[in-house]
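Architecture at a glance
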Amino acid sequence: GYAVWHASKFDILADWFVDSPIRRNVGLVFPYNWIDLSVILVSRPTLKLQFVSDLFAFLRPFEMELWFMLIFAVIYSALVFWYLEHLVNPRYSRRTNAEGIEVATFYAAAKLTWSGHFQPSSTSGRIFAVSWAIVSLCFFASYTARLASSFIGAQQMSDISSLQEANSDYAPVCVWAGTIQEHQIAEDFPAIRQVLSVNETMQFNDLRDGKCVGMVTTVFSWDIRKGQDVNHDCSFAYLGRPYISTQGGFVMNADYFGKCTGLLATVVALHMSEMDDDGFFERIRQERIKTVKTNDCEASDSGGADTSMDVPDQLTIYTMGGLFITHFVISVICVILAVIRRPETVCLFASDKTMPRKREDGKLQT
C-alpha cells in the first residue's frame with residue numbers, strides 16, 4: 001500500500017522495493033533493478049563434534065613433510081650413535097656393521113615412543129642420547145596432544161538447513177512483520193510458525209534469544225547486518241541457496257497515457273544501466289557496508305562463525321625446525337669429541353677386553 005499510494009503522487013520513489021508480480025499487477029513499474037533482494041534463510045549454527053571418517057587420521061597431527069623429516073632424523077641419529085659407540089660398546093662391537101646399524105635404528109625408533117633407549121657407553125654417546133631423548137620427548141608430547149583432535153572433527157550444524165525443512169518440522173522462523181516475506185512464507189510454507197519481529201534488528205535478537213531456529217531476510221540486508229553489532233560474535237550463518245531470487249530498485253507508476261511517467265521510466269532505466277556498467281552501484285554498496293561495519297567478522301555468504309583455532313591443526317616442519325637444527329649441532333659436537341678421544345677410548349676398551357674376569361667357581365679367567 002505504501003508504494004502504490006506514493007507512486008500515484010510522485011514521479012519516482014527514491015527507496016528500494018522488491019520487484020514482485022504482485023506489485024507489477026497493481027500498476028507499479030521498476031525502471032532498473034540494481035539491488036539484490038533475494039530471500040535467504042539465516043540461522044545460528046552450533047559446533048557439534050563427530051568422529052572423522054579417515055583411514056589415515058593418525059597421520060593428521062603432523063604435516064607430511066614433518067613425517068619424512070622424522071624418518072630421516074631416526075636414520076641419521078642411528079648412524080651417528082652407531083659411529084660413536086661401535087668401538088667401545090659391546091652391544092655394537094660384537095656385531096657386524098650392518099647388524100650394529102640395524103640395532104641402533106631400532107633403538108632410535110623405539111625412543112620416539114619411549115619404549116627403548118640407546119644405552120651408551122661413551123661420553124659423546126651419552127650426550128647424543130640425551131639430545132635424541134629431548135627430540136623424542138617433544139615429538140611424543142606434540143603428537144599425543146593433537147591425536148585426539150585428529151580423530152574428532154568439529155562441524156557447524158543448524159537445527160534446519162532450508163525453509164522446506166522448517167516447514168516439515170513446524171519450526172518457528174523469525175520474519176519481519178508487514179514485509180512481502182511475511183506473505184510469501186505464509187503462502188508457500190503454511191506449516192512454518194512465524195515469529196513476527198518489528199524490524200531486522202529485532203529479528204537477529206529473537207534468533208539469538210532462541211525464539212526461532214532461523215530468520216528470513218534478503219541478501220542485501222545480510223551483507224549489511226553480518227558486519228554489525230547484531231552479529232558481533234560472527235555466530236550467524238547464511239544457509240543454503242536463496243529461496244526466491246529477485247531484484248529490487250526504485251518504484252514508479254506505470255502510466256503511459258496520462259502523465260507519461262512510462263517515458264520517464266525508460267529514461268531513468270537508460271541512465272541507471274550506464275551507472276551500473278560503470279560500477280557505481282557496487283561502489284556505493286561497498287561504501288555503505290564499510291560505513292556501518294562495526295566488527296571484523298568476515299563470514300562468507302555460506303559461512304558462519306569463525307571456528308579457526310589459535311593452534312594450527314597440524315604441526316609443521318617449520319615449527320620443529322629449531323629442534324632438528326639443535327640436535328644436528330649436538331651430533332656434530334659429539335662426533336668431534338669422539339674423534340678427539342678415540343685413541344683413549346679404544347685403549348680402554350682393549351684393556352677391558354684383556355682384563356682377567358672371575359668365573360662362577362671364583363677363579364680368575366684369563
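Residues numbered from 1 in each chain as written. Predicted model: local features only at pLDDT ≥ 70, side-chain atom pairs only at ≥ 80, totals over all residues. Heavy atoms only, no water.

1. Brief notes about the overall build of the protein
- Helices and strands together make up the secondary structure of the protein, namely 14 helices and 13 strands.
- Relative to its 366 residues, the protein shows a buried fraction of 40%.
- The contacts in the protein between residues at least 6 apart in sequence include a share of 74% that link residues at least 24 apart.
- On the protein, roughly 21300 Å² of surface is accessible, and the fraction owed to carbon and sulfur atoms is 60%. (Helix = DSSP H or I, 4+ residues; strand = E, 2+ residues; numbered from the N terminus. Buried < 20%, exposed > 50% of the residue type's maximum accessible area, 1.4 Å probe, protein only. Contact = heavy atoms within 4.5 Å. Areas by Shrake-Rupley, 256 points an atom, 1.4 Å probe, with all protein chains shown as cover.)

2. As for the nonpolar core
- With 30 residues, the main nonpolar core has Tyr 92, Phe 118, Trp 132 and Phe 139 as its most contacted residues.
- When contributions to this core are tallied by element, the ones reaching two or more residues are helix H3 (64-85), helix H5 (97-112), helix H6 (123-151) and helix H13 (321-340).
- Of all the elements, H3 adds the most residues to this core, at ten residues.
- The residues contacting Phe 139, other than those within four sequence positions of it, are Phe 62, Leu 66, Leu 70, Met 320, Leu 323 and Phe 324.
- In terms of nonpolar packing, the next biggest core, distinct from the first, is built from 15 residues, Val 39, Leu 41, Ile 160 and Phe 189 among them. (Core = buried A, V, L, I, M, F, W, Y, C linked by side-chain atoms within 4.5 Å.)

3. Observations concerning the state of the cysteines
- Applying the stated rule across the entire model yields one disulfide.
- Disulfide pairing places Cys 174 opposite Cys 212 at an S-S distance of 1.9 Å. Between Cys 174 and Cys 212 the disulfide shows an S-S torsion of about -95 degrees. By sign, it is left-handed. A residue pair is termed long-range when its members are at least 10 positions apart, and Cys 174 in strand S7 (residues 172-176) and Cys 212 in the loop between helix H9 (200-208) and strand S9 (214-218) qualify at 38 residues. Across the pair, exposure class does not vary: Cys 174 and Cys 212 are buried alike. (Disulfide = S-S within 2.5 Å.)

4. Digging into the side chain of Ser 197
- Assignment of secondary structure puts Ser 197 in strand S8 (residues 193-197).
- In this view, Ser 197 contacts Cys 174, Val 175, Trp 176, Ala 177, Met 202, Gln 203 and Asp 206; residues no more than four positions away in its chain are not counted.

5. Quick notes on the confidence of the model for the protein
- For the protein, mean pLDDT is 78; residues scoring 70 or higher make up 77% of the total.
- Here strand S13 (residues 364-365) stands out as the element of the protein with the lowest mean pLDDT, 44, in contrast to H3, whose mean of 92 is the highest.
- For residues 299-311, every residue scores under 50 in pLDDT, and the model assigns this stretch 24 contacts once sequence neighbours within four places are set aside.
- When the criterion is pLDDT under 50, residues 362-366 qualifies, and its contacts beyond four places in sequence or with other chains add up to eight contacts. (pLDDT = per-residue confidence, 0-100.)

6. Re the packing of aromatic side chains
- Applying the stated criterion across every chain yields a total of 16 aromatic pairs.
- Consider the rings of Phe 56 and Phe 58, whose centres lie 6.3 Å apart with planes at 45 degrees: the pair is tilted.
- Judged by relative accessible area, Phe 58 falls into the partly exposed class, the value being 39%.
- With 5.6 Å between their ring centres and 85 degrees between their planes, Phe 62 and Phe 139 make a pair best called edge-to-face. With a gap of 77 residues between them, Phe 62 in the loop between strand S5 (46-51) and H3 and Phe 139 in helix H6 connect regions that are remote in the sequence.
- Assessed through its relative accessible area of 3%, Phe 139 is described here as buried.
- Clustering of aromatic rings is evident, with ring pairs tying together Phe 62, Trp 67, Phe 139, Tyr 143 and Phe 324. (Phe/Tyr/Trp six-rings, centres within 6.5 Å; stacked < 30°, edge-to-face > 60°.)

7. A look at the pattern of salt bridges
- Under the counting rule described, the total for this entry stands at one salt bridge.
- With its nearest N and O atoms 3.6 Å apart, the salt bridge here joins Lys 211 to Asp 206.
- Owing to a relative accessible area of 48%, Lys 211 belongs among the partly exposed residues under this scheme.
- With a relative accessible area of 5%, Asp 206 lands in the buried category. (Salt bridge = Lys/Arg side-chain N within 4 Å of Asp/Glu carboxyl O.)

8. Let's talk about the pairing of S8
- By the bridge criterion, five bridges tie S7 to S8 in an arrangement that is parallel. Note that in S8 the partner of Val 173 across the bridge is Gln 194.
- In this view, the connection linking S7 to its parallel neighbour S8 by way of helix H8 (residues 180-188) has right-handed handedness. (Pairing = 2+ DSSP bridges. Right-handed = clockwise from strand over helix to strand, strands pointing away.)

9. Some points on the sheet that holds S7
- Read from one edge to the other, the open sheet built from five strands follows the order S8-S7-S9-S4-S10, with strand pairing classed as mixed. Strands with a single pairing partner mark the edges of an open sheet, and in this sheet they are S8 and strand S10 (237-244). Put simply, the sheet's adjacent strands are angled 30 degrees from each other on average, direction ignored.
- Inspection of the sheet shows S7 paired to S9 by two bridges, in the parallel sense. Within S9, the position partnered with Cys 174 by the bridge is Met 215. (Axes fitted to C-alpha atoms, helices over the stretch in contact; angles between N-to-C directions.)

10. Digging into the side chain of Ser 77
- Mapped onto the fold, Ser 77 is located in helix H3.
- What makes Ser 77 buried here is its relative accessible area of 0%.
- Dropping the residues within four chain positions of it, Ser 77 is found in contact with Phe 118, Phe 128, Trp 132 and His 327.

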